[in-house]
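# Analysis of the macromolecular model
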Amino acid sequence: MTTRHAALLRGINVGGHRKVPMAELRALVEELGHTDVVSHLQSGNVAFSSAGEDEQELADGLERAIEQAFGFHVDTLVRSGSYLKAVVDNCPFPAAELEARQLHVTYLAEQAGSERLASVDPAAFLPEEFRPGDRVLYLYAPDGLGRSRLAEALGRPSLFKGVVATTRNWNTVVKLVEMTRD
């Protein structure tokens, strides 16, 4: 039996740096024994079917293979299709009423404890808002991520030091669910 997963690669193909062509990434994922491999744009998202269930083990395998093939380390999160669907289903913001550029999800390698978020005063960033979920942060930024002071505060290296985090806009969040449907 296989499970659909998505791998979310952090910080590739941005500004011409750390280039990982999607065709080569798909081939690499297939070489690892995964099947039904599809990628989304040049975004660092790839879905696949695997007999493996352990998300961290799958991510570690991909990280090693990417480093060997491309010569640099890429932080990678792997999440099951059912998890990704739950992220969409549990969104605390009215996603259907918002523009995709206004809603983002930051996927985290571990749960965001309240102690990590204590230094961020939500009232200081209104009307922008964030809400923690299951290994995610939901971010509502009415003027988009590029102009978001809250996104900047949540992206401080000290806030999630040692925790892999990667952000996707709502269109990509929904596309990941489509790509990982059984």
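Let me begin by describing the structure that accompanies this report. (Residues numbered from 1 in each chain as written. Predicted model: local features only at pLDDT ≥ 70, side-chain atom pairs only at ≥ 80, totals over all residues. Heavy atoms only, no water.)

On to helix α6 (residues 170-179), then. All buried positions along α6 are accounted for by W170, T172, V173, L176, V177 and M179. On its buried side, α6 packs onto β1 (3-9), β2 (35-40), β3 (45-50), α3 (81-89), β5 (103-108) and β8 (165-169). For α6, the side-chain oxygen to backbone nitrogen distance between the N-cap and N171 is 3.1 Å, and the N-cap itself is N169. (Buried < 20%, exposed > 50% of the residue type's maximum accessible area, 1.4 Å probe, protein only. Helix = DSSP H or I, 4+ residues; strand = E, 2+ residues; numbered from the N terminus. Contact = heavy atoms within 4.5 Å. Polar contact = N/O pair within 3.5 Å; in protein donor to acceptor, adjacent residues only side chain to side chain.)

Attention now goes to the pattern of salt bridges. Once the charged atoms of two side chains with opposite charge are near each other, the side chains can pair. A full pass over the atoms with the stated rule returns eight salt bridges. Ionic pairing is found between K85 and D89, a salt bridge with its closest N-O pair at 2.8 Å. Residue K85 and its partner D89 are both found in helix α3; the two are separated by four residues, about one turn of the helix. For K85, a relative accessible area of 42% puts it in the partly exposed group. (Salt bridge = Lys/Arg side-chain N within 4 Å of Asp/Glu carboxyl O.)

Turning our eyes to something else, we now look at the nonpolar core. Core analysis: the largest hydrophobic core is formed by 21 residues, its most contacted members being V87, V105 and Y107. The set of elements that each furnish at least two residues to this core consists of β1, α3, β5, β7 (136-140) and α6. (Core = buried A, V, L, I, M, F, W, Y, C linked by side-chain atoms within 4.5 Å.)

On to the side chain of T106. Inspection of the secondary structure puts T106 in strand β5. Within the structure, the side chain of T106 is placed 2.7 Å from the side chain of T167, a separation counted as a polar contact. The contacts of T106, once residues within four sequence positions are left out, are R135, V136, L137, A165, T166 and T167.

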